[in-house]
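Take a look at the letters that make up each chain.
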Amino acid sequence: MPIKTYPKRFFLFVLLLVLTQSLPSLAQSSYPIQGKVTDKNGETLPGVNIRIKGTNRGTTSEADGTFRLTLSDQNTPLVFSFIGYLTQEVKVGNQTELTIALQPDQRQLSEVIVVGYGTQERKNLIGSIAKIDPAATKDIPTGSFDAQLQGKVSGVQISSNTGVPGETVNIRVRGATSINADNDPLYVVDGVFINNNSLQSVGTGGKATSPIADINPSDIESVEILKDAEATALYGSRGANGVILITTKRGNFNQKPKINFNASYGVAKAAKLWELTTGPEHAQLVNEWWINTGKDTPSLNRTAENRPFRPVAEGGRGLPEEQKTYDRLGELFRTGRLQNYDLSLSGGTKTTKYYIGGGYNRQEAIIKPIYFERASFKVNIDQQVNDKIQVGVSNTFSRTFRNQARAGDGPAGGLLQAALHTPTYLSPFNEQGVPVGRAGFDNLTLLIDNYDVQSASLRYIGNLYADAQILPNLRFRTSWGIDYNNYNESEYWNNLLISGSPAGLATSSITQFTTWLNEQTLTYRQKFGNHTVGVLVGNTLQSDVLTRTYAEGRGFANNLFTQISSAATTASSQSWSKSNLASFFSRIDYNFAGKYLVDFSIRADGSSRFGTSNKWGYFPAIGAAWRIKQENFLKDSKIVSDLKLKTSYGTTGNQNGIGNFAAQGLWTGGASYQGSPGIAPQQLANPNLQWERTNQFNIGLDASFFNDRLSAEFNVYNKYTTNGLLQLALAGTTGFSNYWSNAAEISNKGFELGIRSENIRRGSLTWTTSFNVAQNINKIEKLENPLRYGSRDLILQQQGTPLYSFWVYKQLGVNPQTGNVIYEDVNNDGAITVADRQIVGSIWPKFFGGLTNNLTYKGFDLAVFFAFQYGNKIYNHNKFFGEGGGARDAARIIFASNNARWQKPGDITDVPRPDGININNYRDGGSRWLEDGSFLRLRSLNLGYTIPKRLTEKAKIEAVRFYVAGSNLWLLTKYTGLDPESSASSDANQQGIDLGTPPQPRSVQVGINVTL
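Conventions we followed
Residues take numbers from 1 onward in each chain, read along the sequence in its written order. Restriction of local features to residues with pLDDT of at least 70 applies here, the model being predicted, together with a cutoff of 80 or more for giving and counting side-chain atom pairs; totals for whole chains, interfaces and linings are based on all residues. With hydrogens and water set aside, each side-chain value is computed from the structure's full complement of heavy atoms. Labels follow the DSSP assignment, with helices taken as runs of H or I lasting at least four residues and strands as runs of E lasting at least two, numbered in each case from the N terminus. Our radius of gyration looks at C-alpha atoms and nothing else; its globule reference is 2.2 Å times the residue count to the power 0.38. Categorising residues by exposure relies on relative accessible area from a 1.4 Å probe, with only protein chains included: less than 20% of the type maximum marks a residue as buried, more than 50% marks it as exposed, and the intermediate range marks it as partly exposed. Here, strands pair whenever DSSP counts at least two bridges between them. Axis geometry follows a simple rule: fit a line to the C-alpha atoms, using only the stretch in contact for helices, then measure angles between N-to-C directions, giving values from 0 to 180 degrees. The aromatic pairing rule takes the rings of Phe, Tyr and Trp, using the six-membered ring of Trp, and pairs them if the centres are within 6.5 Å, calling planes under 30 degrees apart stacked, those over 60 edge-to-face and the rest tilted. Definition used: whenever NZ (Lys) or CZ (Arg) falls within 6 Å of the ring centre and also within 35 degrees of the ring normal, the charge is taken to sit over that ring. Note on definitions: the grid is 1 Å and covers protein atoms alone; a cavity is a set of points where a 1.4 Å probe fits but cannot get out; a pocket is an open set with protein on both sides within 12 Å along at least five of seven lines; lining residues have an atom within 4 Å of a point. Grid points are joined across faces, edges and corners, and a volume is the space filled by probe spheres set on the points. For this classification, Asp, Glu, Lys and Arg are treated as charged, while Ala, Val, Leu, Ile, Met, Phe, Trp, Tyr, Cys and Pro are nonpolar and the rest, including Gly, are polar. Salt bridges are identified by distance alone: a Lys or Arg side-chain nitrogen within 4 Å of an Asp or Glu carboxyl oxygen.

Comments concerning the overall build of the protein chain
Turning to step 1, where the next piece is worked out: For the protein chain, the count of helices and strands is eleven helices and 49 strands.
Turning to step 2, where the next piece is worked out: A compact globule built from 1012 residues would reach a C-alpha radius of gyration of about 31 Å, and the protein chain, at 34 Å, matches this within 12%.
Turning to step 3, where the next piece is worked out: Seen through its C-alpha atoms, the protein chain measures out along the principal axes to roughly 150 × 65 × 65 Å.
Turning to step 4, where the next piece is worked out: Taking all 1012 residues of the protein chain together, the buried fraction comes to 52%.

Notes on the sheet that holds strand β38 (residues 805–808)
Within a sheet, neighbouring strands are paired by backbone hydrogen bonds and run either parallel or antiparallel to one another.
Turning to step 1, where the next piece is worked out: Here we have four strands laid out as an open sheet, ordered β36-β37-β38-β41, and antiparallel in their pairing. For this open sheet the edge positions go to β36 (787–789) and β41 (838–842), each flanked by a neighbour on one side alone. Within this sheet the neighbouring strands show an average axis-to-axis angle of 40 degrees, counted without direction.
Turning to step 2, where the next piece is worked out: Bridge count for strand β37 (residues 795–797) against β38 is two bridges, and the pairing is antiparallel. Paired with Ile795 across the two strands is Phe806, which belongs to β38.

Description of the packing of aromatic side chains
Turning to step 1, where the next piece is worked out: Inspection of the entire model under this criterion finds 25 aromatic pairs.
Turning to step 2, where the next piece is worked out: Plain terms: the ring middles of Phe193 and Tyr235 are 5.9 Å apart, the flat faces sit at 65 degrees to each other, and that makes the pair edge-to-face. Remark: Tyr235 occurs in the loop between α4 (229–232) and β16 (243–248) and Phe193 occurs in strand β14 (residues 192–194); sequence separation between them is 42 residues.
Turning to step 3, where the next piece is worked out: Taken together, Tyr117, Phe193, Tyr235 and Phe585 form an aromatic cluster joined through their ring pairs.
Turning to step 4, where the next piece is worked out: Taking the ring centre of Phe865 as reference, the NZ or CZ of Lys152 above it sits at 4.2 Å.
Turning to step 5, where the next piece is worked out: The side chain of Arg477 reaches across the aromatic face of Tyr465, ending 4.1 Å from its centre.

Quick look at empty space enclosed by the protein
Think of a ball as big as a water molecule: rolled over the atoms, this probe shows where empty space is left.
Turning to step 1, where the next piece is worked out: Summed over the entire model, instances satisfying the criterion amount to 14 cavities of 30 Å³ or more.
Turning to step 2, where the next piece is worked out: Taken as a whole, the largest cavity holds about 260 Å³ of empty space.
Turning to step 3, where the next piece is worked out: Among the secondary structure elements, those contributing two or more residues to the lining of the largest cavity are β19 (352–364) and β47 (959–973).
Turning to step 4, where the next piece is worked out: A class-by-class count of the residues in the lining of the largest cavity yields eleven nonpolar, 13 polar and three charged.
Turning to step 5, where the next piece is worked out: Taken as a whole, the second largest cavity holds about 200 Å³ of empty space.
Turning to step 6, where the next piece is worked out: Lining the second largest cavity we find 18 residues, and of these Gln157, Ser159, Asn170, Ile843 and Gln991 sit closest to its centre.
Turning to step 7, where the next piece is worked out: When residues of the lining of the second largest cavity are traced back to their parent elements, those giving at least two are β11 (156–159), β12 (170–173) and β44 (873–876).
Turning to step 8, where the next piece is worked out: When grouped by side-chain class, the residues that make up the lining of the second largest cavity number five nonpolar, ten polar and three charged.

Description of the pattern of salt bridges
Turning to step 1, where the next piece is worked out: Under the criterion given, the structure shown has 34 salt bridges.
Turning to step 2, where the next piece is worked out: Across the pair Glu364 and Arg337 runs a salt bridge, and its minimum N-O distance is 2.9 Å. Taken together, the residues Glu364 in strand β19 and Arg337 in strand β18 (residues 336–348) connect sequence positions 27 residues apart.
Turning to step 3, where the next piece is worked out: Glu364 sits in the buried class, given a relative accessible area of 11%.
Turning to step 4, where the next piece is worked out: Among the salt bridges present, the one from Glu631 reaches Lys595, with a minimum N-O distance of 3.8 Å. Remark: Lys595 occurs in the loop between β26 (569–592) and β27 (596–607) and Glu631 occurs in the loop between β28 (616–627) and α9 (632–635); sequence separation between them is 36 residues. This pair shows no difference in class: Glu631 is buried, exactly as Lys595 is.
Turning to step 5, where the next piece is worked out: Through salt bridges with shared partners, one network takes in Lys644, Lys646, Asp702 and Glu713.

Note that every value here comes from positions in space, so none of it alone points to a role or purpose.
Written out as structure tokens, the structure is:
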């Protein structure tokens, strides 16, 4: 073929080929469509994968959820898929514009759980970890979010022991492991170990404020509670009492800016108040007391003729029926106002995501003039530097102010005591019209009008991190964290009040607590065939510094001068302490075919608090799980959705609560001698002081049925603590009162059961139920000498009995012939003495838990949550003073229960005759005031309505929800006090004694939530 003809033929061939291939295309039609993808609430979803079924062609939704696509066949469906949502197939037909609402895949959404230094899929979880969505509880009006979690987690006992917002909450994860050391869990916020111990130094009757109240619940995305040793082992010395991981909200990449506003307003008041005698009833009781004491001791010359309440003409105070009734409880208690406002902005670009939130919360207590106020500001930013490196920062700023209640033990300045312990017949004014109280108690009106006890907390919790993907399977992360708290307290008692008598008292305390934290982790994960191996190594460096400056002044020219600099005499003190902790940890996990899971972890902690040769503690743990569902004999079961058997064993440690220099011999420079400076021994050294260690075994079963419509988790555990940190008493001849040692052993064992069911899932109607119940059996296994705590030694720690056991005289009844109390004579010596006191119950319930029901129908949603506990005891010390007061002091307040007293032979009752001579009748520590503390409480009830999307879209609003939230609306209990959870002291060893403490309020709030 001639060369010159080749190009012509070649070009003709190419042209023919092109035309041939083009003909089918020219014959096809094109159908352009557009649309928007949202979730079930109408919130846009960016990055949704949209694929033409049967092909690889498709697109993804933009930041605003919109998409555009061209189809060649209208009958070919589109497939929409997105992580955490059910895949949806849609036929286009003749439509040119689509709106797709993806439904959440509940199974996928619950799969990712935050664990120590990472996340895990729930199906591969070995440890016992509970996840809580704070959105379900954040409307409960408490100062701190941990109080809102009561009854939500099996095995976690939470008690709000006061109705004053912002005070400490008692939390025990699988019981208590120590007598003198700290039993609180470790709190971790975005990787920062934060302080949860009160910095309060001003006395408020045994009560203490909660640093956790500085955190705004609305900024929290999720809360995970780590309970067993496998889950907590990576936290080593910090995990003995459980770990609470708080993850705050962050934005999303490729998300358009979203604004969320929430506002609520409500009221709170006491559900009931104590039933007191009227003025005439109280006067009659005082007369009986007078006459009875005269009969028992004739030398007192107390008779009916000279009884206190007799006609004025005879020299008396007037007849009982002539007495007035003064309502001091009504003067003290009020309807408190509740306000809460939260505003947030979140979103992100391809490389940046952000969350900015601000909040303001104010809660008035149900007693005057107390209130709690918090302002918070939150900024979280994450930046993708490139495809391998990401950096980010978390910032939490807050200012918390408290007009702080002196509620608890101790009469001077006690608001509730001044109201409750002053007789109802006693006028607030004397004959000259001057306000007066009764001996030892302030005049309530003066106290309310002149009450000045305040605290302000400035808090910053921050974390800066960098995350680098070194290799495809190797990731490095480093972070720096800080928790800084400046706590400023002041009080002023003028000369009209007992505490300020005779010329005024002012105090001021400034406390600063700082935690510095630096962590590095290296994570490797490799999958080959059916085998997956993960390795984590890391280290932590932590330093805590506490400083306090205290000053007081006495003697002021008049009540216009309130600053310490104006006082006639002043005194001051200053303290500083520091502790360091260096830690190294590692975890190895192995997964075979999703069936067999094993992991091993170990942490080494070195603490400056212990003796020279005992600074380091080593805390290993091992866990294994068998996913039975993955076996061939169960894999295709339509009934069983999942079934997993898991077990773990490990050791954790404890060093909290013993002081930063507990092992060292200390000297003080404040020992002046005849006006000259000097030094003196302050603390005895114990170089052998070492870590408190808790070994824990756990075995559990996770199961779900009927396509996850019914699921359950059951765990049995056994915890045993050795080398318990304890202060032992020393003989006075040593020159020291006590020293720190390892001298106790304590066990905790129990079970946890959690059940969740989807009762109805039909169209727009859904109904889900969650139930949990747990039991913990606590016992002191080793304690050489018993320890007594609480008012009148009501709490006894003794070998062979549970912690926080009540040590009382057991009342058998009242003699119907004499009206005198009958106590059990334990040693049969014919006399009732201290030797007859015995253990009768403890604060530990036999069972505790919660029940939640959630219903939705179209735009309506309803959540009903009950919390309960059964079998615990509580000592009604208020009632002791209210009943026994008439015998001990005629001016004491009298509870109306005294109306059931013995008055004549043959009366059958458990309330003896009023008597001031026979002390057995009102013996302090009698079991008559030890009551059943079981309760069932309607903790919260929320009803909401979300306006249909078609209406809000017109105003360019994504969602609007109105709601009504109620808390503590109903209480079922046999306890005769106001609240079966009340406790006079925040001290762990004095729980379960109800004295001078306002109850948790009943509240109702209305609110609105708007998303733009």
